[in-house]
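Structure at a glance
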Amino acid sequence: MKRIIGIVVIALLVVLSVFKLISNRNKITAQNENLFANEVSVTVASVSQRDISPVLNVTGTVYPVKELDIPAETQGKIRSLNYTLGQSVKAGSVIAVIDDELKKLSYESAKIDAEKAEKDFNRLKNLLNGGTTSQQEFDNARFAYETAKNKAADAAKQLSYTKITAPISGTISKKLVETGTYVNPGTAVASIVDISKLKVKVNLSESNAYYVKAGNKVQITTDIYPGVILTGKVSFVSPRGDDAHNYPVEIELENSGKNQLKGGTFVNAKFEIGAEKMGLCIPREALQGSIKEAKVYAAEGGKAHLKNVVIGRESGGYLEVLSGITENETVVISGQVNLSDGKSIKIINNN
């Protein structure tokens, strides 16, 4: 019996020892995991001197400078349409006519009233000069004449609205009504586009937008005309960027030569943004914040240190750094989402 009890006691001691060992191992593992969790895995790159190209190439889209809908200016039924899709028209050309019968009658009536009022005015003017009528009667006649004249002018204007004219020279790009359609003032009857002058819309990054000014010349090329170089001029640089810090820029381009472009065509815009030079550069991925308030994480002594930097031009995926860091420093280029100033880091790439 004593032997059995001894065996049971030894077994219990063994079990307790095993539990103790497992508990200690779990504690050590947890401590190691916590230690590892305090480190953020990152990749880094060295700050180095690079050639900064003075040339910036971006892709843009061509748009007409003038493109608008042609509205009716009075109500009525469309009596005739004087255009076809794709037809070229001159400014002032009549492209549609609204039924004008009632407005013609109103104009003729107002014209007759104005002519009668003019005769009465002239007659009383002669009588006033001869002293055979009063000043009051003459003033009444003058007022009646001015009123009738204004009504006739308004009736003539309303009659002119029945002829819808092209406000600019260009090509009809949309047919929006048919003969017999009843329209109201403001109803568009057609769209017209003038492609004699075009604008190229591009987006520039914040670092490049500051080097582009209105009036700068830009070379335009397109796969539609291989080897042909067109010259445009910057007409607009947006004073405000979007949420991604891109700035809309517009380039005006004459389109009267033999290599004419159509609206919607993709083109390449080549900007000259200064002289070629060497500069201290970092990969664009290292940038934290905007170009104007730029920061980077520098990797020093196993920690990430947030530094303010001043950014210059952008070239080939690299940003020029004017101040804030020095050559051969190391900056974090991935893993920043989990970083804060002074955070421990684990570099997982070869610098």
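A quick note: this is a predicted structure, and the numbers were derived from the prediction, not measured.

**Concerning unusual backbone geometry**
- Unusually for a residue other than glycine, His245 sits at a positive phi of about 65 degrees.
- When you line up the elements, His245 lands in the loop between β12 (230-237) and β13 (246-254).
- Given a relative accessible area of 33%, His245 falls into the partly exposed group.

**Re helix α2 (residues 101-130)**
- The terminal C-alpha atoms of α2, which comprises 30 residues, lie 44 Å apart, in line with the 44 Å expected from a rise of 1.5 Å per residue.
- Among all positions of α2, only Ala110, Ala114, Ala117, Phe121 and Leu124 are buried.
- The inward-facing, buried residues of α2 contact α3 (135-160).
- Taken from the residues just after α2, Gly131 is the one with a positive phi, measuring 80 degrees.

**Some details on the confidence of the model for the protein**
- Taken over all residues, the pLDDT of the protein has a mean of 88, while the share at 70 or more is 89%.
- In the predicted structure, residues 28-36 sits below a pLDDT of 50 and forms one contact with residues beyond four places in sequence or in another chain.

**Structural notes on the sheet that holds strand β6 (residues 94-98)**
- Spatial strand order, β7-β6-β4-β9: four strands in an open sheet with antiparallel pairing. Since the sheet does not close on itself, it has two edges, and those belong to β7 (163-165) and β9 (182-183), each with one partner.
- Pairing of strand β4 (residues 76-81) with β6, which is carried by three bridges, proceeds in the antiparallel orientation. The partner of Ser80 across the bridge, within β6, is Val97.

**Details of the packing of aromatic side chains**
- A complete count under the given rule lists three aromatic pairs for this structure.
- With centroids separated by 5.4 Å and ring planes inclined at 20 degrees, the aromatic side chains of Phe121 and Tyr145 adopt a geometry described as stacked. With Phe121 in helix α2 and Tyr145 in helix α3, this residue pair connects regions lying 24 residues apart in the sequence. One exposure class covers both Phe121 and Tyr145, and it is buried.
- Ring centres of Tyr210 and Tyr247 lie 6.4 Å apart, and the angle between their planes is 65 degrees; on these two criteria the pair is classed as edge-to-face. With a gap of 37 residues between them, Tyr210 in the loop between α4 (206-209) and β11 (217-221) and Tyr247 in strand β13 connect regions that are remote in the sequence.
- A residue is classified by how much of its surface remains accessible, and Tyr210, at 42% relative accessible area, is partly exposed.
- Relative accessible area serves as the criterion here: at 10%, Tyr247 is assigned to the buried category.
- An aromatic cluster is present here, built from Phe121, Phe138 and Tyr145 joined pairwise through their rings.

**Topic: the packing of α2 against α3**
- As a packed pair, α2 and α3 sit with axes 8 Å apart at the nearest point and diverge in direction by 155 degrees. The orientation of α2 with respect to α3, classified from their angle, is roughly antiparallel. As for the relative orientation of α2 and α3, their crossing is left-handed in sense.
- Each residue belonging to the contact of α2 with α3 can be placed in one class, and the counts come to 16 nonpolar, three polar and 11 charged.

**Regarding the side chain of Glu329**
- Secondary-structure assignment places Glu329 in the loop between β19 (318-323) and β20 (330-334).
- Of the polar contacts made by the side chain of Glu329, one reaches the side chain of Lys307; its length is 2.8 Å.

**Structural notes on the side chain of Ser238**
- Tracing the backbone shows Ser238 in the loop between β12 and β13.
- There is a polar contact of 2.7 Å between the side chain of Ser238 and the backbone oxygen of Arg240.

**Structural notes on the nonpolar core**
- Ranked by size, the top nonpolar core spans 22 residues in total, and within it Val200, Val202, Leu204, Ile220, Ile251, Ala269 and Phe271 carry the most contacts.
- Apart from residues no more than four positions distant in its own chain, Ile251 is found in contact with Leu198, Lys199, Val200, Val218, Ile220, Gly232, Lys233, Val234, Ser235, Ala269 and Phe271.
- By size, the runner-up hydrophobic cluster in this structure holds 18 residues, among which are Ala96, Ile98, Ala166 and Ala190.

**So, the pairing of strand β17 (residues 303-308)**
- The pairing of strand β16 (residues 295-300) with β17 spans six bridges and is antiparallel. Paired with Glu300 across the strands is Lys303, a residue of β17.
- Hairpin connection, β16 to β17: the antiparallel pair is bridged by two residues, and Gly301 has positive phi, about 60 degrees.

**Focus: the sheet that holds strand β15 (residues 277-283)**
- On the basis of which strands lie adjacent, the open sheet formed by four strands has the order β2-β15-β19-β18 and antiparallel pairing. At either margin of the open sheet sits one strand with a lone partner, and together these are β2 (48-52) and β18 (310-315). Mean inter-strand twist for the sheet, computed between neighbouring axes without regard to direction, equals 55 degrees.
- Sheet topology note: the β18/β19 ladder contains four bridges and is antiparallel. Paired with Val310 across the strands is Ser323, a residue of β19.

**Topic: the environment of Ile98**
- The residue Ile98 is located in strand β6 in this model.
- Linking Ile98 and Leu81, residues 17 residues apart in sequence, is a C-alpha distance of 9.1 Å.
- Setting aside residues up to four positions removed in sequence, Ile98 forms contacts with Ala72, Thr74, Gln75, Gly76, Lys77, Ile78, Arg79, Tyr161, Thr162, Ile164 and Val183.

So, how was this worked out
- For every chain, the first residue of the written sequence is number 1, and numbering continues from 1 onward in sequence order.
- Per-residue local features of the predicted model are confined to residues with pLDDT of at least 70, and side-chain atom pairs are confined, for both listing and counting, to 80 or more; whole-chain, interface and lining totals are unaffected and use all residues.
- Heavy atoms throughout the structure, all of them, feed into the side-chain values; hydrogens and water do not.
- Numbering of helices and strands runs from the N terminus; a helix is a DSSP stretch of H or I covering at least four residues, while a strand is a stretch of E covering at least two.
- Residue exposure (1.4 Å probe, protein chains only): buried if accessible area is under 20% of the type maximum, exposed if over 50%, otherwise partly exposed.
- Expected span of a helix: the number of residues minus one, times 1.5 Å.
- Contact criterion: two residues are considered in contact whenever any of their non-hydrogen atoms come within 4.5 Å of each other.
- The predictor rates its confidence in each residue with pLDDT, a number between 0 and 100.
- Strand pairing is assigned whenever DSSP identifies at least 2 bridges connecting the two strands.
- Only Phe, Tyr and Trp rings are paired, with Trp represented by its six-membered ring, and only when their centres lie within 6.5 Å; those with planes under 30 degrees apart are stacked, over 60 edge-to-face, the remainder tilted.
- Here, axes are lines fitted to C-alpha atoms. For helices the fit covers the stretch in contact, and angles between N-to-C directions go from 0 to 180 degrees.
- Angles are sorted into four bins: roughly parallel if under 35 degrees, roughly antiparallel if over 145, roughly perpendicular if 65 to 115, and oblique for all others.
- By the definition used in this description, the sense in which the near helix is turned from the far one sets the handedness, with an anticlockwise turn below a right angle giving left-handed and a clockwise turn giving right-handed.
- In the scheme used here, Gly and all other residues not listed as nonpolar or charged are polar, with Ala, Val, Leu, Ile, Met, Phe, Trp, Tyr, Cys and Pro taken as nonpolar and Asp, Glu, Lys and Arg as charged.
- Here a polar contact is taken to be a pair of N or O atoms separated by no more than 3.5 Å, where protein atoms must pair a possible hydrogen donor with a possible acceptor and residues adjacent in sequence count only if both atoms sit in side chains.
- Put simply, a nonpolar core is a bunch of buried Ala, Val, Leu, Ile, Met, Phe, Trp, Tyr and Cys residues held in one set by side-chain atoms that sit within 4.5 Å of each other.

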